[in-house]
Every structure is written in structure tokens, then in C-alpha cells.
Amino acid sequence: MAVTIEELYRNYGILADAKPEDLGQHKYAYQVILDGVKGGPKEKRLAAQFIPKFFSSFPELADAAINAQLDLCEDEDVSIRRQAIKELPRFAAGENIVRVADILTQLLQTDDSAEFSQVNTALVSIFKMDAKATLRGLFSQILQGEDIVRERAIKFLSIKLKTLPEDTMTKEVEDYVFTETKKVLEDVTGEEFVLLMRILMALKGLQTVNGRQQLVELVVEQAFLEQALNPADPDTVDRLLQCTRQALPLFSKNVHSSRFVTYFCDHVLPNLSTLTSPVAELDIQQEVLKLLAEMSPFCGDMEKVEANLLMLFEKLLEFMPLPPEAEGENGENTMSEEPKLQFSYVECLLFSFHQLGKKLPDFLIDKINAERLKDFKIRLQYFARGLQVYIRQLRVALQGKTGDALKTDENKIKVVALKITNNINVLIKDLFHNPPSYKSTVTLSWRPVQKAEAVALKRPSGEEMGTGSTMKKLLSPPLPRRNARQIYNPPSGKYSAAIGNFTNGEGVAFWGTPMITDV
């Protein structure tokens, strides 16, 4: 016969009126309350509140009480489940904390948003009672539980751990998180890897140089840098990109990126054109080159600096074309199609070359033969001359525009294009010094700028326009006559003239403004 509401209240009264030291004598009354989980909805709601209230007074019925509450946590009635979950932390005492944490972790699989929030709140509350025991329950499910439970437990830790107070996240607790996370990292998906690294990066004990170095070592293990890259396998490529992205914020002047940069030069750049992207819309070549550029300032000492520079040099030659032939042997116009100037790629490669060049400043003089160096300078010169024209175009197009006018999609593209071309311009100037210089500093075009840039709004200086400078002597041709053949047209390809021609407001049409599709 099922327990009634009246019986539940009567037995609750017996226990509530008993002296604390006499509660153990009323085992039968507590058993009636446990039996309430077999009743109807009202009886179950009362049982969900009464069971935890007297739980600690009946240790011999602890298992039965926890199991009864767990039954309520799995009830079909969501209001009963929420009530039972809300009371679960009251069972978390001593050895029971691990079990309660394990139960709550399993309950993260619920699809009811209010119930899910209740589970999160309950887990955070027992964290403050005993963080390490709570983590034992969580990691037990992460390592052995169902996929949905594992996924949500990892997300819970990635969000909640960093919000816990210092007196909860002690060194002992952080060490435990680090140890258990390393176990999980032995077999993870890409998304799990990102979340687990987020967990580790938030640990205060790993904010030191030594701590960041440990994290880099973990990423190196995940990246399989000791293995050759299979460019045709999108999962392999994606794994490398994911690992590199996680390692990037860890690099500094004391935590070096040398192994990643060398791996990119040895295995990625030679296969750049054959890399298979895991994401259809991702420009995999640009993504790789951007990652390499961001890592290059933190190389430290490198055993293979010359080999790495040579690979970057070879790759630069691919993306910095020679000038097209203008005339044939008989003087007829045989000018071939204008080469595609892929500015985003060149910015990344030049920046990486410039950074590594600081470690071997005589590379272009001592390691490259005279014929190849001459060829390289011709390419630089051709690229820079087209660059100067493009920079002038962009400045004119952006001149006088402020505020909302600069926020249109078209002008945002032009502002980024101006950053890219200015960066390339600065780096090429350095390489045209004799001997080549590696002293200039630029901020990569996609990186945030510390101070608001007004470069697009101000009148360009003589140096920026190439007048009165060494670059003018080296790169700028005499101004052509009105009817003279123009060699340098606007860049095409990646920077295709998708916007079409535009005017300066006075009816004067300029060339088609390049649309940057890879920034």
C-alpha cells in the first residue's frame, strides 16, 4: 500500500519533534518517508524535501536514501526532478560527495533548460564543499561516461572552474585538474581539445613561464610534430591548425615557438598548395600563413634557421611574380596577362621572413647566390611599384571618410587592404637596405591595433607616398605620359575588381577597386 500525504507529514512530525540525540531511534519513521518515492506526484515532492533533511541522522540508510532521491531525479515529472536535484547537495558529505558529483554529472545530459541550470547550480555548490572530491566525480564520467555526459561535463568545467574563488581552487585542486586533464587528452576530439586547453590555461598555477611551457609541451604531443604531415588528410591538417591556435597565446620571448615554426617550414610550406581544408569556405593557405606569421616573432634559438629562411624565401618567390614581358623581339606588344598579386599571402610570408631574418641577417648576402638575389630584387621592385599605386588609390578612396562612413563593408575592406599594403611596403623597404635591415616593426593587418588608426584619414606623407626617399629612387618610375602604356594595373585575383569602378565625387573614374576576399 502506497504511503499517503498524511503519513508523510505525521512521520515528518515525529522526526522534527525528536531531540537530535534521539533521532536514530525513529528509523521506521524515516523509512516511511523513503517509501514516499513510490507514491503519487504530491508524495514524491514531499519525499524529495523530507529525505535530505534527516539524511545525516541515519547512516545505516544512507544508500537507500541516496537511491530514493536518485529515483526522484529520474522521475517523468520535470517539477519533481527539479526539486530532487535542488536537494542533492544536502547528501554531499564525506565519502558521499564523489557519488553525488557523479550523479549530478550524469544529470547534465538533460535537455530541459531549467533542470540543466539546476544541475549546474548544484554542482557549483558541492564544489565549494570539497572541490577535489567533486572533480573526482566529474572526471570519472568524462573518462568513462556516455558521450553526451562527457561533452557537457567538459563544457561545465571550461566555464565554471575559472569562476570559483581562490580558496576553492587551491594548488592541490589545480594539480589534480592538470593530472586528470592530461589523461583525458590521450583521446579527444578537436572541440574537446580546445575546451580542455581553455580549462588548463585558466589555472593560476600555469600562468608562470614554467606553466606555459608545460602547456606548450602538451600541445606539441597533440600536434604530432614528430610525424610527417599528410596534406591530403583534412583531419590531420585540422589537428595541426587546432593545436597551433591553442599554442599561439602561450608563446612569448621566454616560451618559444621554434618547433612549430620549423615544422611549418619543413612539412607545411612545401605542401601549401595541396593542403586539404576541413572547412569548405576556409582559405587554408591563408590560414596557415597567418598562423606562421603570428608564431614567427617567438622563435628563440633555432637549429634550422637557415633552412627555414630558405623555405620562406622559395615560397616568397612563388607569390612575388616577375614583371610581364612588354615587347617581343620585333618590337610588337606581347605583354602577357598581369600577374595576380596576392597581398595577404605576401604580407604573412614577408613578415615571417623578416622575423627569422633577424636571427641570420646576412642570409640574403651570404646564403643566396648573386643571380637569385638579383631575381628576388626584381620581384620585390615590381611588387613594390604596383603596391605604391594601390596605396595611392586606397588613400584617395578613403580620404575624408570618418565614423559610419568607414564602417560600410566596402570601406572596411579598403581599410584592411591599406593595412596590408602599408605593412608590405615597410618590410620591402627594409629588405632594400644595403645590407638588408630587419629593424622595422609592423602590426599584422588582422591583429588589433592599440591606438585608433587615422592613417586612412590623414594626408599621406612624402615617405609613405615614396617621394623624397630611398624607395623613390629604387622603385618609382618616371611619371608616364598621358598616352604611354601603363604596366601596373590594379591587383587582380584574390584582390579582384569586384566592386567595379568608382569615382572621387568629381566625376573622375579610378581603376576598379580591388575586393579583398581573403582577409
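For the structure, see preceding data.
In this report, we go over the structure that sits alongside the text. Source: prediction; values computed, not measured. (Residues numbered from 1 in each chain as written. Predicted model: local features only at pLDDT ≥ 70, side-chain atom pairs only at ≥ 80, totals over all residues. Heavy atoms only, no water.)

## Considering the packing of helix 13 (residues 234–247) against helix 15 (residues 284–295)
Geometrically, a packed helix pair is captured by the angle between its two axes and the distance between the axes. Orientation of helix 13 relative to helix 15, taken along the N-to-C sense of each, is 30°, at an axis distance of 11 Å. With respect to helix 15, the element helix 13 is oriented roughly parallel. Crossing of helix 13 against helix 15: the hand is left-handed. Across the interface between the two elements, Val 237, Leu 241, Thr 244 and Arg 245 from helix 13 touch Ile 284, Glu 287, Val 288, Leu 291 and Met 295 from helix 15. Residues of the contact of helix 13 with helix 15, tallied by class, amount to six nonpolar, one polar and two charged. (Axes fitted to C-alpha atoms, helices over the stretch in contact; angles between N-to-C directions. Helix = DSSP H or I, 4+ residues; strand = E, 2+ residues; numbered from the N terminus. Parallel < 35°, antiparallel > 145°, perpendicular 65-115°, else oblique. Left-handed = near helix turned anticlockwise from the far one by under 90°. Contact = heavy atoms within 4.5 Å. Nonpolar A, V, L, I, M, F, W, Y, C, P; charged D, E, K, R; others polar.)

## Looking at the environment of Leu 61
Looking at the secondary structure, you find Leu 61 in the loop between helix 3 (41–53) and helix 4 (62–73). Given a relative accessible area of 9%, Leu 61 falls into the buried group. For the pair formed by Leu 61 and Leu 34, sequence separation is 27 residues and the distance between their alpha carbons is 9.5 Å. When sequence neighbours within four positions are dropped, the list of residues in contact with Leu 61 reads Lys 27, Tyr 30, Gln 31 and Leu 34. (Buried < 20%, exposed > 50% of the residue type's maximum accessible area, 1.4 Å probe, protein only.)

## Examining unusual backbone geometry
Along the chain, Asn 434 connects to Pro 435 via a cis peptide bond; the corresponding omega equals 5°. With respect to the helices, strands and loops of the structure, Pro 435 is situated in the loop between helix 20 (409–431) and helix 21 (462–465). Positive phi values are uncommon outside glycine, yet Phe 224 reaches one of about 55°. By the secondary structure assignment, Phe 224 is in the loop between helix 12 (209–223) and helix 13.

## Let's talk about the packing of aromatic side chains
Scanning all chains against the criterion turns up 15 aromatic pairs. Taking 4.7 Å as the distance between ring centres and 10° as the angle between the ring planes, the aromatic pair formed by Tyr 30 and Phe 58 counts as stacked. You can see Tyr 30 sitting in helix 2 (residues 27–35) and its partner Phe 58 sitting in the loop between helix 3 and helix 4, a full 28 residues away along the chain. In this pair, the class of Tyr 30 matches that of Phe 58, namely buried. (Phe/Tyr/Trp six-rings, centres within 6.5 Å; stacked < 30°, edge-to-face > 60°.)

## Some words on the side chain of Ser 296
Inspection of the secondary structure assignment puts Ser 296 in the loop between helix 15 and helix 16 (305–319). Within the local environment of Ser 296, its side chain forms a polar contact with the backbone oxygen of Ala 293, the two atoms lying 2.7 Å apart. Sequence-distant contacts of Ser 296, that is, excluding residues within four places in its chain, are made with Val 261, Phe 351, Ser 352, Gln 355 and Leu 356. (Polar contact = N/O pair within 3.5 Å; in protein donor to acceptor, adjacent residues only side chain to side chain.)

## A look at helix 13
Along its 14 residues, helix 13 runs 20 Å from first to last C-alpha, staying within 8% of the 20 Å computed at 1.5 Å per residue. Restricting attention to buried positions, one finds in helix 13 the residues Val 237, Leu 240, Leu 241, Gln 242, Cys 243, Thr 244, Gln 246 and Ala 247. On its buried face, helix 13 is in contact with helix 11 (190–201), helix 12, helix 14 (258–268) and helix 15. Put simply, Asp 233 is the residue that caps the front of helix 13, since its side-chain oxygen is 3.2 Å from the backbone nitrogen of Asp 235. (Expected span 1.5 Å × (residues − 1).)

## Focus on the environment of Val 415
Here Val 415 shows up in helix 20. Classification of Val 415 by relative accessible area gives partly exposed; the value is 23%. Contacts of Val 415, omitting those with residues within four sequence positions, involve Leu 398 and Leu 406.

## Looking at the nonpolar core
Grouped together as the largest cluster of nonpolar side chains are 151 residues, with contacts concentrated most on Tyr 30, Ile 51, Leu 104, Leu 157, Phe 353 and Leu 364. At eleven residues, helix 19 (residues 370–398) tops the list of elements feeding residues into this core. With near-sequence residues (within four places) excluded, Leu 104 lies in contact with Ile 85, Leu 88, Val 119, Ala 122, Leu 123 and Ile 126. (Core = buried A, V, L, I, M, F, W, Y, C linked by side-chain atoms within 4.5 Å.)

## A look at the pattern of salt bridges
By the definition in use, this model includes 23 salt bridges. For Glu 172, the salt bridge identified is with Lys 132, shortest N-O distance 3.2 Å. Here the residue Glu 172 occupies a position in helix 10 (residues 171–184), and Lys 132 occupies one in helix 8 (residues 131–144), the gap between them amounting to 40 residues. The exposure class of Glu 172 is exposed, given its relative accessible area of 51%. (Salt bridge = Lys/Arg side-chain N within 4 Å of Asp/Glu carboxyl O.)

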